[in-house]
Number of protein chains: 2
Amino acid sequence: MNGAESLVKTLLASGIRTCFANPGTSEMHFVAALDRIPGMKCVLGLTESVVTGAADGYARMRDEPAATLLHCGPGLANGLSNLHNARRAQTPMVNIVGDQATYHRPLDPALTADTEGWARGVSAFTRTARSAATIGADAAAAVQAARTAPGRIATLIAPADTCWEEGGVVGEPLPMPTPSTVAPHKVAELARLLRGKEPCFMVVGGAGLRGKALDDAYRISAATGAKVMAQVFNGRVERGRGCPPIQKLPYNLDQALAAMAGSRHVILIGSVLPVAPFAYPNKPGHLFPDDATVHVFARPEEDIAQALAALADEIGAPALSLPVIAASTEIARGAISQEAFTRTLAALLPENAIVVDESVSFGRSFFNGLAGAVPHDWLQITGGAIGNGIPLATGAGVACPSRRVVSLQADGAGMFTVQGLWTQAREKLPVTTVVFSNRKYQILLGELANVGANPGRVALDMLDIGRPDINWVKMAEAMGVEAGRAETMDDFADLFRTANASSGPFLIELMT
Amino acid sequence: MNGAESLVKTLLASGIRTCFANPGTSEMHFVAALDRIPGMKCVLGLTESVVTGAADGYARMRDEPAATLLHCGPGLANGLSNLHNARRAQTPMVNIVGDQATYHRPLDPALTADTEGWARGVSAFTRTARSAATIGADAAAAVQAARTAPGRIATLIAPADTCWEEGGVVGEPLPMPTPSTVAPHKVAELARLLRGKEPCFMVVGGAGLRGKALDDAYRISAATGAKVMAQVFNGRVERGRGCPPIQKLPYNLDQALAAMAGSRHVILIGSVLPVAPFAYPNKPGHLFPDDATVHVFARPEEDIAQALAALADEIGAPALSLPVIAASTEIARGAISQEAFTRTLAALLPENAIVVDESVSFGRSFFNGLAGAVPHDWLQITGGAIGNGIPLATGAGVACPSRRVVSLQADGAGMFTVQGLWTQAREKLPVTTVVFSNRKYQILLGELANVGANPGRVALDMLDIGRPDINWVKMAEAMGVEAGRAETMDDFADLFRTANASSGPFLIELMT
């Protein structure tokens, strides 16, 4: 057994079943091993940002890591921006990065780069395999690191000779670390605070946005009057009828400040500190009032569900009682607008859909607007590195082939990773992509106005992606994805129904 | 004057006239400054790998750096693979990377990443600006570093507050460092060696592949009988009638070993050590015989042209006498083959063309095949990080709007940075792209065969990019580039003539 075979067998033994890949020369022994040893589904991406983003979407839906296969430092580099998003989503992932043979690297051939250095910025675990005899154990350690709560990026660099040499040993699967629970005294303290008179604001993230944990958070809020919101960026939220219609902290700084205004206590439950995505001159950096006290009730790596359940018990919160939200059944006609689109989407969303949101400026109302729709999962860009949507939708489609993925995609962000459409076509994934074609970096035009600039030709040329207009229908068709253009809401409704009835991918260019 | 304005004015004062850009929120003050201060041509790329690759192509043709504008760590990360190629091409470049405000970064907002850490792997100069008062001086130092021979990557990270604060000071342009010359005793020693009986092999890189320096290298070879070849990966070679028809060391390891077999002395003249691009089991790592002695006559950062001129003088090499290479005038008909394509290309290449080669497996014969064609410059992928071609062609087109760029592009590699076609359309660049559409990672099928594997379904699925086939005509048209498909050599000749007569970009999908 060579090193590559021990690596594949270790990944399989540790429960990795899917590998998103863009291989190169130094990975050929690994590819040959994947070919010989059954059990790993391999999915090709035409650029590494698709590979890593798809592995993120897969893991968000499966709650277990996929592997990626990347080619040397530059291949890893191409995948870093979506690894950054995955890190912010607390996604488990195991990257296998091929590299120069250990003894060849000192000669500095052309493709040699600082593979470890680039990996470290996104990885909780970075290791370069030293030999065929140990790469199996390295892989087992990488999977364990990836599965450590709340989910981490593990990167194993595999020099070519550690794959081709004989003497591979399959690594024993290592135990899955158990997240720590929140101490009873912290539960009692927080219950006292919430029962008190001072305004409390709970910010929830991670596992607190799904299933019973989300119900508990909502029950606690209802019982105590404390406000509750999801953090700004979330890997996955369970949503729609039957789920508490929790709101998210707005991305817009002024709106977020308004939402948290008057809070005396900010309680973090699996959430990061609520801060502005960027600093602005003469505006605060955090979203809560200066005189608020921040309480970390449960850190992201702790058992959020247990913490919320214990707190709900301590408070004696009544059973979940959800507000009645009128389900939209209205299919808008005529002119396209955010409001008309939101209503139509809410009316036509397929049962049990997976919604992927990288709509950026056009879609600020979608999350709340779908609160009364059929049950669905909501995935979003998490790290601000645009080009997350198409890959996430691709990975979610691989993870859940019997559910429909509705990928809500801003055009500028979509162009970063448009190659992902090809993988959707190859794998015949159930993905409906709606591209909001405004032919601008609309969010940046707003940001430029914020800095007081009245944009001239030079600035507009950097913020406007028309001239020439991108034809998204041809773009999709070029990669084997059926597509149509919607100039009105009527067009959209027709196309959206057609798309969702399809067994494969379909793209709708919505002219906004 | 705010920091951003001082930054723009410093870049202009230091001779930077072009900025390839993909900006984000943290760069809005810089964008506003570019808008207010005339003199900088700004070119938008729809993903950062296009931005950095275009800056590389620009600098290779202009012999001076362009700036790039990138958005935070993830934006830089997207551009790293083509920065890696640029570093290997010894390209001067100044990256301006926006980032979180200095005081906001500790709050770790979502887009915060290890910007400096990622920059270091490709940059000879990495600095994070500390204040508006000093960012001008930082920019001047960055330009000086970029211009230091033979050309380096300089990365200046500009936190948002160092741009928006008042108190900017324009940095004085710093002197351009003079490359050191080769000492006379080294010239005399090498002349003695070359006049001796032992077989010598000169490997030339950098400035040694252009103009009089290339002539001198060829003259020295002719006078002494020493073999001369270009290194495997070269940023730019002057080529065609009137230029010495120097060959390149082959990419293929066995062919390269054969080319250098029997050499007793290997003389590096602006070249890296000739090594295998990857290690292979039981094959040597360097391309020269084990018993050869390596002599570094001129390091890449030294004055290569001076070194070659001095050596030619010392030897008393006769005037340049070029072999007569029959110019191909044959326009092949019928079936498409590498050989037929090479002949047709040689016959129809536009005068003074810039050829960009990322043809990978299909194009191994192009370089030598064009030796008798009209004079042209030859640019190629230099660091092995595929996705270099379309961006290089884009940058070369911006640099030299009155010359025709002929971009020879493998399909698999082309998909990594296909977004660059849009920039070609927007800027109406004179680029003819020929996509070799074999719908495979052909080079990897060869590499897989080398490791002795008989590929099964899993391996083929990772090396085959058909199913679905990519329609390159629609792909180009989707981004505003006129396009046509060639099924025969006749089609190709017609389309190539049409393309080269156009004032803007044109793409030909050649079905190989």
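Our subject is the structure that appears above.
Predicted model only: the values in this text are computed from it and were never measured.

Visitor: Teacher, can you tell me more about the sheet that holds strand β16 (residues 431–437) of chain A here?
Guide: Two orientations exist for strands paired in a sheet by backbone hydrogen bonds: parallel and antiparallel. All names here are of chain A. The 7 strands lie next to each other as β9-β14-β13-β15-β16-β18-β17, forming an open sheet whose pairing is mixed. Edge positions in the open sheet fall to β9 (237–239) and β17 (482–486), since each of these has one partner strand only. In this sheet, adjacent strand axes meet at a mean angle of 20° when their direction is disregarded. In the sheet, strand β15 (residues 405–410) pairs with β16 via 6 bridges, with the strands oriented parallel.

Visitor: Sorry, what's going on with the interface of chain B and chain A here?
Guide: When the parts of a complex come together, some accessible area is lost, and that lost area is often used as the size of the interface. At the junction of the two partners, chain B supplies 97 residues and chain A supplies 97 residues. The interface formed by chain B and chain A includes 4 salt bridges. Where K474 of chain B meets E477 of chain A, a salt bridge forms, and the shortest distance between an N and an O atom there is 2.9 Å. Our count for the chain B to chain A interface comes out at 44 residue pairs in polar contact (both at pLDDT 80 or more). Secondary-structure elements contributing two or more residues to the side of chain B that touches chain A are α2 (28–36), β2 (41–44), α4 (72–88), α5 (115–120), α16 (420–426), α17 (442–450), α18 (457–463) and α19 (472–478) of chain B.

Visitor: Which parts of the structure should I look at to understand helix α4 (residues 72–88) of chain A?
Guide: Turn by turn, an α-helix covers 3.6 residues, leaving residues three or four places apart pointing in a common direction. Residues and elements named next belong to chain A. With 17 residues, α4 should reach 24 Å at 1.5 Å per residue; the first-to-last C-alpha distance of 23 Å fits that figure. The largest bend in α4 is about 50°, located at L80. In terms of burial, α4 is largely enclosed, as 16 of its 17 residues are buried. Downstream of α4 by one or two residues, Q90 has phi in the positive range, about 60°.

Visitor: What's the story with the packing of helix α2 (residues 28–36) of chain A against α17 of chain B in this structure? I'm lost.
Guide: Any two packed helices are characterised by the angle at which their axes cross and by the distance between the axes. The geometry of α2 of chain A relative to α17 of chain B is characterised by a closest axis approach of 9 Å and an angle of 75° between their N-to-C directions. The orientation of α2 of chain A relative to α17 of chain B falls into the category roughly perpendicular. Across from M28, V31 and A32 of chain A in α2 of chain A, the residues of α17 of chain B making contact are L444, E447 and L448 of chain B. Tallied by class, the residues present in the contact of α2 of chain A with α17 of chain B amount to 5 nonpolar, no polar and 1 charged.

Visitor: Can you walk me through the pattern of salt bridges in this structure?
Guide: Two side chains that carry opposite charge are able to pair once their charged atoms sit near each other. All told, the structure shown has 53 salt bridges over all chains when counted by the stated rule. Its salt-bridge partner being R120 of chain A, residue E116 of chain A comes within 2.7 Å of it at the nearest N-O pair. With a gap of 4 residues between them, E116 of chain A and R120 of chain A both fall in helix α5 (residues 115–120), about one helical turn apart. Under the relative-accessibility criterion, E116 of chain A is labelled partly exposed at 26%. Measuring nitrogen to oxygen at the nearest pair gives 2.9 Å for the salt bridge that ties R236 of chain B to D377 of chain B. Of this pair, R236 of chain B sits in the loop between β8 (227–230) and β9 (237–239) while D377 of chain B is found in strand β14 (residues 376–380), placing the two residues 141 residues apart along the sequence.

Visitor: Looking at this structure, I do not really get helix α14 (residues 389–399) of chain A. What am I missing?
Guide: With 11 of 11 residues buried, α14 of chain A is to be regarded as a mostly interior element. Along α14 of chain A, the positions that sit buried rather than exposed are G389, I390, P391, L392, A393, T394, G395, A396, G397, V398 and A399 of chain A.

Visitor: Just to check I follow, could you spell out the pairing of strand β4 (residues 93–99) of chain A for this structure?
Guide: Consecutive side chains of a regular strand alternate in pointing toward one face of the sheet and then the other. Residues and elements named next belong to chain A. Burial within β4 is extensive, with 7 of its 7 residues counted as buried. Of the strand pairs in this sheet, strand β3 (residues 66–71) and β4 are connected by 6 bridges, and their pairing is parallel. Each residue of the ladder has a partner; that of L70, found in β4, is V97. For the crossover that starts at β3, traverses α4 and ends in the parallel β4, the hand is right-handed. Pairing of β4 with strand β6 (residues 153–159) involves 7 bridges; the strand directions are parallel. When the sheet's bridge partners are listed, D99 is paired in β6 with P159.

Visitor: Just checking my understanding: could you explain the sheet that holds strand β1 (residues 18–21) of chain B for this structure?
Guide: Residue and element names in this part refer to chain B. Read across the sheet, 6 strands follow the order β2-β1-β3-β4-β6-β5 without closing on themselves; strand pairing throughout is parallel. At either margin of the open sheet sits one strand with a lone partner, and together these are β2 and β5 (125–128). With strand direction ignored, the average angle separating the axes of adjacent strands in the sheet is 20°. Those strands touched by α4 are β3 (66–71), β4 (93–99) and β6 (153–159), and its axis lies near 145° from that of β3.

The rules we used
Residues numbered from 1 in each chain as written. Chains lettered and ligands numbered in written order. Predicted model: local features only at pLDDT ≥ 70, side-chain atom pairs only at ≥ 80, totals over all residues. Heavy atoms only, no water. Pairing = 2+ DSSP bridges. Helix = DSSP H or I, 4+ residues; strand = E, 2+ residues; numbered from the N terminus. Axes fitted to C-alpha atoms, helices over the stretch in contact; angles between N-to-C directions. Contact = heavy atoms within 4.5 Å. Salt bridge = Lys/Arg side-chain N within 4 Å of Asp/Glu carboxyl O. Polar contact = N/O pair within 3.5 Å; in protein donor to acceptor, adjacent residues only side chain to side chain. Expected span 1.5 Å × (residues − 1). Bend = angle between axes of the 7 residues up to and from the residue. Buried < 20%, exposed > 50% of the residue type's maximum accessible area, 1.4 Å probe, protein only. Parallel < 35°, antiparallel > 145°, perpendicular 65-115°, else oblique. Nonpolar A, V, L, I, M, F, W, Y, C, P; charged D, E, K, R; others polar. Right-handed = clockwise from strand over helix to strand, strands pointing away.

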